[in-house]
Amino acid sequence: MVTTTSRRAHASSPARRSVLAGALALPGAAALASCASGVDTTSTADGLTLLNYEDIDAATLLREQLDAFAGDSGIRTTLDTVPGSGAAQFPDKLRTRILGGNAPDVWQIWGGQIGQPFVEAGLTLDLAPYYDEYGWDETLSPAGVDGMTFLGERHGAPINVASLGAWCNARIFEEAGAAVPTTYDELEAANEAILASGVTPGGFGGKYGWHIMRLYEYLLEVTAGPDLHDALLQGEESWDQAAVVESFDLFSTWNDRGWITPGALGVAPADAEQSFVQGTSAFTISGPWIEGQYILPSGQPQEEFATFLLPTGHETVRHSGFVEGLMISSTSGAPDDAAALIDRLLSPPVQKSLQNTQSAALGAPPDAEQFPLSAKWVEIRETSEIYTIQDQAFPKAVADSYFSVQSKVLQGDASPAEAARDMQQIVSEWKDQR
């Protein structure tokens, strides 16, 4: 267990339980199921439609590959992208399109409890025939394939297998006299040294909830350890216990001591995530896309940046991770064309052209010269296990309620003990509904 010298009392708010009311109903689940038949997607005469959440630069690279695919195959694909909101909003936008009778032929989605509702509603194809046809079992990451397997069937083809850790401005660490931490206590010491140098240690954005969640889930891994952490996510152990209270206490401490972005709850993830590159924070918790998305375009020397596995103090040091994949709509008028598109996108040459540093394609590891920090995570994954990122471990409605609990702790509207009790109620109701 972790101890800290900073503890604060929170005033109990009568409104704190409002987050729980009605939170666990999956929005539109019944309506989604009713759309599983009889609704056409984009007309085959118009080609395919691909929906994802890429930013502008990534979407530009992707459109170039879609144009090349059209030239080679005659299959035209229209790309629709909803950047910026992440898992907090994209599933709802996808759901809205489906309910409106405008389902894309192919969509990108996260694994776990984010993608599963679409499978349960009968909205996605079992891709087993295409796995056989294209040999995806041999060319794609086994962990990625597992992450896109739902109810024993392969309803997605993995495109990304992401590992999350600390990405830092090494120059700021050096100027503050802070060493790369190898224990949690050393991380706290580094925070204090960096703060004393005039820089905010951790860059985290609380808008949408999922970005700052990365800090909380790390702290829970520290206080609970691997086995208990996994059991909590599965609803097999009560959240109303000391290890969870301690994790929320540490979460509050990081905010109280100024170790995270000031006013973090109102800060957009994209702004917080790149703040260590801009020099307004020392580090963030993110994945390999950071290198191509922010570090290289900055034009700053690569040696000024570093990445490391966050220390947990446990014999098994794990890190957060997630899988993203591509699904085919069960109402697509051209599923074979859609599968051909997916196979093209998952080919190593295309993955390399897309500069995907977290590719699920086994033949497309990051170039160690161009992306040295991303390549380091390939090595880290050889010895460090992944635990499921929390907004993928929970259904979206549960994750949204969880984000609200996080926010209340940072705002001082719920004590760590109250937050632990609230989380137990949320998870217990979800487990009962299952």
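Higher on the page you've got the structure.
Residues numbered from 1 in each chain as written. Predicted model: local features only at pLDDT ≥ 70, side-chain atom pairs only at ≥ 80, totals over all residues. Heavy atoms only, no water.

1. Here's the deal with the nonpolar core
What counts here: Definition of nonpolar core: a set of buried residues of the types Ala, Val, Leu, Ile, Met, Phe, Trp, Tyr and Cys, connected through side-chain atoms within 4.5 Å. Relative accessible area decides the class of each residue, using a 1.4 Å probe on protein chains only: under 20% of the type maximum gives buried, over 50% gives exposed, and in between gives partly exposed. Contacts: residue pairs with any heavy atoms within 4.5 Å of one another.
Counting residues in hydrophobic clusters, the biggest one holds 92 residues, and the most contacted among them are Ile109, Trp239 and Phe394. The contacts of Phe394, once residues within four sequence positions are left out, are Gln113, Leu233, Trp239, Ala399, Tyr402, Met423, Val427 and Trp430. With 29 residues, the next largest nonpolar core counts Val106, Leu127, Tyr130 and Leu354 among its residues.

2. Comments concerning the packing of aromatic side chains
The cut-off we apply is this: Only Phe, Tyr and Trp rings are paired, with Trp represented by its six-membered ring, and only when their centres lie within 6.5 Å; those with planes under 30 degrees apart are stacked, over 60 edge-to-face, the remainder tilted. Secondary structure elements follow DSSP: runs of H or I of four or more residues count as helices, runs of E of two or more count as strands, with numbering from the N terminus. When the NZ atom of lysine or the CZ atom of arginine is within 6 Å of a ring's centre and also within 35 degrees of its normal, the charge is said to sit over that ring.
As enumerated under the stated definition, the model contains 20 aromatic pairs in all. Ring centres of Tyr184 and Tyr218 lie 6.4 Å apart, and the angle between their planes is 45°; this geometry places the pair in the tilted category. With Tyr184 in helix H9 (residues 184–196) and Tyr218 in helix H10 (residues 210–233), the pair connects residues that are 34 residues apart, well separated along the chain. For Tyr184, a relative accessible area of 4% translates into the label buried. The exposure class assigned to Tyr218 is buried, which follows from its relative accessible area of 4%. For the pair Tyr216 and Phe248, a centre-to-centre distance of 4.4 Å together with 20° between the ring planes defines the contact as stacked. Of this pair, Tyr216 sits in helix H10 while Phe248 is found in helix H11 (residues 242–256), placing the two residues 32 residues apart along the sequence. The rings of Tyr216, Trp239, Phe248, Phe251, Phe394, Tyr402, Phe403 and Trp430 are connected pair by pair, giving a single aromatic cluster. Directly above the ring of Tyr131 sits Arg154, whose terminal nitrogen or CZ lies 5.0 Å from the centroid.

3. Focus on the pairing of strand S1 (residues 48–52)
Note the following rule: For the handedness criterion, the strands are oriented away from the viewer, and a crossover whose path from the first strand over the helix to the second runs clockwise is classed as right-handed. Two strands pair if DSSP finds at least two bridges between them.
Burial runs high along S1: 5 of the 5 residues are buried. Burial of the side chains of S1 extends over both faces: Leu48, Leu50 and Asn52 are buried on one face and Thr49 and Leu51 on the other. Read as a crossover between parallel neighbours, the route from S1 over helix H2 (residues 56–73) to strand S2 (residues 77–81) is right-handed. Across 2 bridges, S1 lies against strand S3 (residues 106–110) in parallel orientation. Its bridge partner being in S3, Leu51 is matched across the sheet by Trp107.

4. Section: the pattern of salt bridges
Between side chains of opposite charge, a pair can form as their charged atoms come close. Counted only if it meets this: By definition here, a salt bridge exists when the distance from a side-chain nitrogen of Lys or Arg to a carboxyl oxygen of Asp or Glu is within 4 Å.
A full pass over the atoms with the stated rule returns 11 salt bridges. The salt bridge partner of Lys396 is Asp92, with a shortest N-O separation of 3.1 Å. Highlighted residues: Lys396 in helix H19 (residues 396–411) and Asp92 in helix H3 (residues 90–99), separated in sequence by 304 residues. Take Lys396: its relative accessible area is 12%, and that puts it in the buried class. In this structure Asp92 comes out as partly exposed when scored by relative accessible area, which is 28%. The partner of Glu304 in a salt bridge is Arg171, and the shortest N-O contact between them spans 3.5 Å. Within this pair, whereas Glu304 is found in the loop between helix H14 (289–298) and strand S10 (305–308), its partner Arg171 is found in helix H8 (residues 170–176), the two being separated by 133 residues in sequence. Here the residues in one salt-bridge network are Asp92, Arg95, Lys396 and Asp400, joined through shared partners.

5. What to know about the environment of Leu164
Assignment of secondary structure puts Leu164 in the loop between strand S6 (157–163) and strand S7 (165–169). For Leu164, a relative accessible area of 3% corresponds to the buried category. Put simply, Leu164 and Gly287 are 123 residues apart on the chain and 4.5 Å apart in space, counted from C-alpha to C-alpha. With residues near it in sequence (within four places) discarded, Leu164 still touches Arg214, Ile285, Ser286, Gly287, Trp289, His319, Ser320, Phe322, Trp377 and Ile389.

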